[in-house]
Amino acid sequence: MSTRAPRTRAKRSAGEGQAVFKGLGVAPGIAIGPAHVHGAELPALADCGVAPDQVEGERQRFRTAVEASKKQLTKLKQKTAGLPPAAAEELGYLLDAHVQMLSQSRLVRGVEKRIGENLVAAETAVRAEAEAIAEAFEAMDDSYLAQRVQDVREVGARLVRNLTQTPWGAFKNLPEGAVIVAEEITPADTAVMDPDVVGGFATVTGGAEGHTAIMARALGLPAVLGVADLVGAIRTGDTVIVDGNEGRVVARPTAATLERYERRRLEYEKEERQLARLAKLPSVSRDGVDFQLGANLELPREVGQALAAGASSIGLLRSEFMFMNRADIPDEEEQYTQLAEIVKGMAGRVVTVRTLDVGGEKLASALGDLSPGPNPALGLRAIRLSLARPELLDAQLAAILRAGAHGPLRILVPMVATVDEMKEVRDAVGRVARRLVRKGIAIADPLPPLGAMIEIPAAALAADALARVCDFLALGTNDLTMYALAIDRGDEQVAHLYNPLHPAVLRLIQFTAEAALRNRIPVSICGEIAGDPRYTALLAGLGIRELSMAPIKIPRVKNRVRGLDVQNATARARTVMEQWDTKAIAALVDEYNDSLVRAKE
Ligand code: PEP
Ligand code: MG
């Protein structure tokens, strides 16, 4: 490398006995298994050549990847600010060393040279150069350089990831029960995790309501996100405990710690088994009010889990899964086949299919030309994208209408802001339906109900107008909270400020529920608060009777519903809505919940 780090970095605690890390417990359960440190290795890639006139373009791609990598490292360094000084200093040296390797270094010069001389793609050149440097360091008898070998490979791996912009890998060939440890895991990465192999995961980045967290809950994988000091502290093969209940990661546990966590894991599993017995019991409150507890579905494999948990419906099918981890857009036929299978699998229970909601953190690789824009959360996302790309919307609507011939379904439109958007979608549904009927293709008859997601504050405040052009409303409280409070739901740095109990959020929910009620259309909640028993009584008191959540969340929410007196909860909700202080609201909510638990004992 061109310059040495200012001093030999103190060795991170990897391999040095038990280490405990704190983060956000986003998916419940306890995983204990061998660590797989993800993304730290140079991926195996087929060598790829380029023509002489592509060399400059290839070098430009490489420079863009270098800049992206530097930005990521700077962001990681910022995250160390909240750590104890010694840990922050130690990590700082590591990250500085990586930045140096990306600044006028042998690695950078070598890659640019290889692209031109060997006529190879940037990722091929990176892999070859990083490997050559690592091998040269290994051959030298120098303890400082020996420490850098892993760093060179990690920097190379980061560059390749940024060049290929593909998910970090398919998590193949892992030992059973492997615990994945990574800087970042995207929603697309989680989509390729097999819960029969992967035990759980822990990452440096990510918030509790982001889609990676949602996917972890969907897969039933214990997960802890936002662990700032995880980088470099764990090696592949170390035993790791991920405690998703308490938000804790333990590396290389002592025998006593391991025994304690094994015990906790058994207790948790026993409790889950007891709750599972509720699946067959009705979701009715003590005073006889019926609740619909539906399942949110991210992946087709969850149909079985939804049924096992006693879901009354699919209250939200996030159709994005069909567009992730692939380079092409699934055509109508493919979408139809997948949706029809889910509809048939739910055996007569309503399936609420949401049209494509990509953009923001959910960039689908199939829509490769999609630009995140200056502010992805406010950009060409969800229904805005579908209306801008009618061929995309039409194919999806056709697939949904055809799947509707196999069982009841509803169509849900994400990120609606205006009445006009709903009218445009309704026109498109009519147009696509007529085309299919003309061709003699079987579709849902009558046409499925069409609903809007209420997840933009403007939509909540205009819920009475939207209710007139919708057959149902679904509150997306994850985004609604994010937009109302201007807090990114996936950013662990502001996760402590993300609070659905803020009176602004509660008023938006209340206004929407009342608008639906006045217009006699159903309203549900399918954001993450629907699956948290902490909010059940309050939401019931605000008039909500339909909740949709990750299947694993249904038993605990049902348990709460069955212990509830809705009339009483309504009176309590009135008191809550008179408060303006978030802490006072939280205290009222928790105190009421405690009284419900006590009454059951
Ligand atoms: C929401 O925003 O609350 C929601 C359910 O949609 P998603 O989490 O997919 O954005
Ligand atoms: Mg949303």
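Please refer to the structure higher up on the page.
A brief structural summary. Residue numbers restart at each chain and count upward from 1, following the sequence in its written direction. Whichever chain is written first becomes A and whichever ligand is written first becomes 1, with later ones labelled in order. Restriction of local features to residues with pLDDT of at least 70 applies here, the model being predicted, together with a cutoff of 80 or more for giving and counting side-chain atom pairs; totals for whole chains, interfaces and linings are based on all residues. No hydrogens and no water enter the side-chain calculation; it runs on all heavy atoms of the structure.

**So, helix 13 (residues 419-438)**
Between its first and last C-alpha atoms helix 13 spans 29 Å; for 20 residues at 1.5 Å apiece the expected length is 28 Å, and the two agree. Turning to helix 13, its buried residues number three or more, namely Glu421, Met422, Val425, Ala428, Val429, Gly430, Val432, Ala433 and Leu436. It only takes one pair of heavy atoms within 4.5 Å for two residues to be counted as in contact. Working definition: helices are DSSP H or I runs of at least four residues, strands are E runs of at least two. Numbering for both runs from the N terminus. Residues of helix 13 that are buried in the fold lie against helix 10 (332-345), helix 11 (382-388), helix 12 (390-403), strand 12 (409-413), strand 13 (450-454) and helix 15 (463-469). Every helix has an expected span of 1.5 Å times one less than the residues it contains. Think of it in three bands: with a 1.4 Å probe and only protein chains considered, a residue is buried below 20% of the maximum accessible area for its type, exposed above 50%, and partly exposed in between.

**A short note on the packing of aromatic side chains**
Here a ring pair, both rings aromatic, is described through the centre-centre distance and the interplanar angle of the planes. Under the pairing criterion, centres of Phe, Tyr and Trp rings, with the six-membered ring standing for Trp, must be within 6.5 Å; the plane angle then separates stacked pairs below 30 degrees from edge-to-face pairs above 60, leaving the rest tilted. Following the criterion strictly, the structure yields zero aromatic pairs and no others. A ring is considered to have a charge above it if a Lys NZ or an Arg CZ atom is located within 6 Å of its centre and within 35 degrees of its normal. It is Arg264 that lies over the ring of Tyr261; its NZ or CZ is 4.7 Å from the centre. In this arrangement the basic side chain of Arg410 is found over the ring face of Phe472, its NZ or CZ atom lying 3.8 Å from the centre.

**What to know about the site of ligand 1**
Think of it this way: one heavy atom of a residue within 4 Å of a molecule or strand is enough to make that residue near it. Around ligand 1 sit 17 residues in total, of which Arg318, Arg354, Gly476, Asn478 and Arg489 are the nearest. Under the rule applied, a polar contact is a pair of N or O atoms within 3.5 Å (in protein, one hydrogen donor and one hydrogen acceptor; residues adjacent in sequence only if both atoms are side-chain atoms). Residue Arg318 places a side-chain N or O atom 2.7 Å away from an oxygen atom belonging to ligand 1. One of the backbone N or O atoms of Gly476 is found 3.3 Å from an oxygen atom in ligand 1. The method behind every accessible area is Shrake-Rupley, applied with a 1.4 Å probe, and residues are considered shielded solely by the protein chains displayed. Computed on the free molecule, ligand 1 has an accessible area of 290 Å², of which 100% lies beneath the protein chains in the complex.

**A short note on the pairing of strand 1 (residues 19-22)**
Here strand 1 shows a buried face lined by Ala19 and Phe21 and an unburied face lined by Val20 and Lys22. Strand direction decides the pairing type here: strand 1 and strand 8 (residues 248-251), joined by four bridges, are antiparallel. Residue pairing in the sheet places Ala19 in a bridge with Ala251 of strand 8. Paired strands, as defined in this entry, are two strands with at least two bridges between them according to DSSP.

**As for the environment of Ile525**
Tracing the backbone shows Ile525 in strand 15 (residues 523-525). You can call Ile525 buried: its relative accessible area is 0%. Each C-alpha atom of the pair Ile525 and Leu539 lies 8.9 Å from the other, and the pair is 14 residues apart in sequence. When near neighbours in sequence (up to four residues on either side) are disregarded, Ile525 contacts Leu475, Thr477, Ile509, Ala530, Leu539, Ile544, Glu546, Leu547 and Ser548.

**So, the state of the cysteines**
By definition, disulfides here are pairs of cysteine sulfur atoms that lie within 2.5 Å. Across all of its chains, the model carries zero disulfides by this definition. Here Cys526 stays unpaired: no disulfide links it, and the sulfur of Cys470, its closest cysteine neighbor, is 13 Å away.

**Regarding the sheet that holds strand 1**
Here we have eight strands laid out as an open sheet, ordered 1-8-7-3-4-5-6-2, and mixed in their pairing. Edge positions in the open sheet fall to strand 1 and strand 2 (24-27), since each of these has one partner strand only. Strand-to-strand twist across the sheet, computed as the mean angle between neighbouring axes with direction ignored, equals 30°. Judged from the four bridges that link them, strand 7 (residues 239-243) and strand 8 form a sheet pairing that is antiparallel. Bridged to Val242 within strand 8 is Val249. Packing of helix 7 (residues 211-219) onto the sheet brings it into contact with strand 2, strand 5 (198-203) and strand 6 (223-225), and relative to strand 2 it is tilted by some 50°. Each axis is a line fitted through C-alpha atoms, taken for helices only over the stretch in contact, and angles between the N-to-C directions span 0 to 180 degrees.

**Side note on the environment of Lys113**
Note on placement: Lys113 falls in helix 3 (residues 106-118). Once residues within four sequence positions are removed from consideration, Lys113 is found in contact with Arg59 and Asn118.

**Overview of the side chain of Glu320**
Inspection of the secondary structure puts Glu320 in the loop between strand 10 (314-318) and helix 10. At 3.1 Å, the side chain of Glu320 forms a polar contact with the backbone nitrogen of Asp357.

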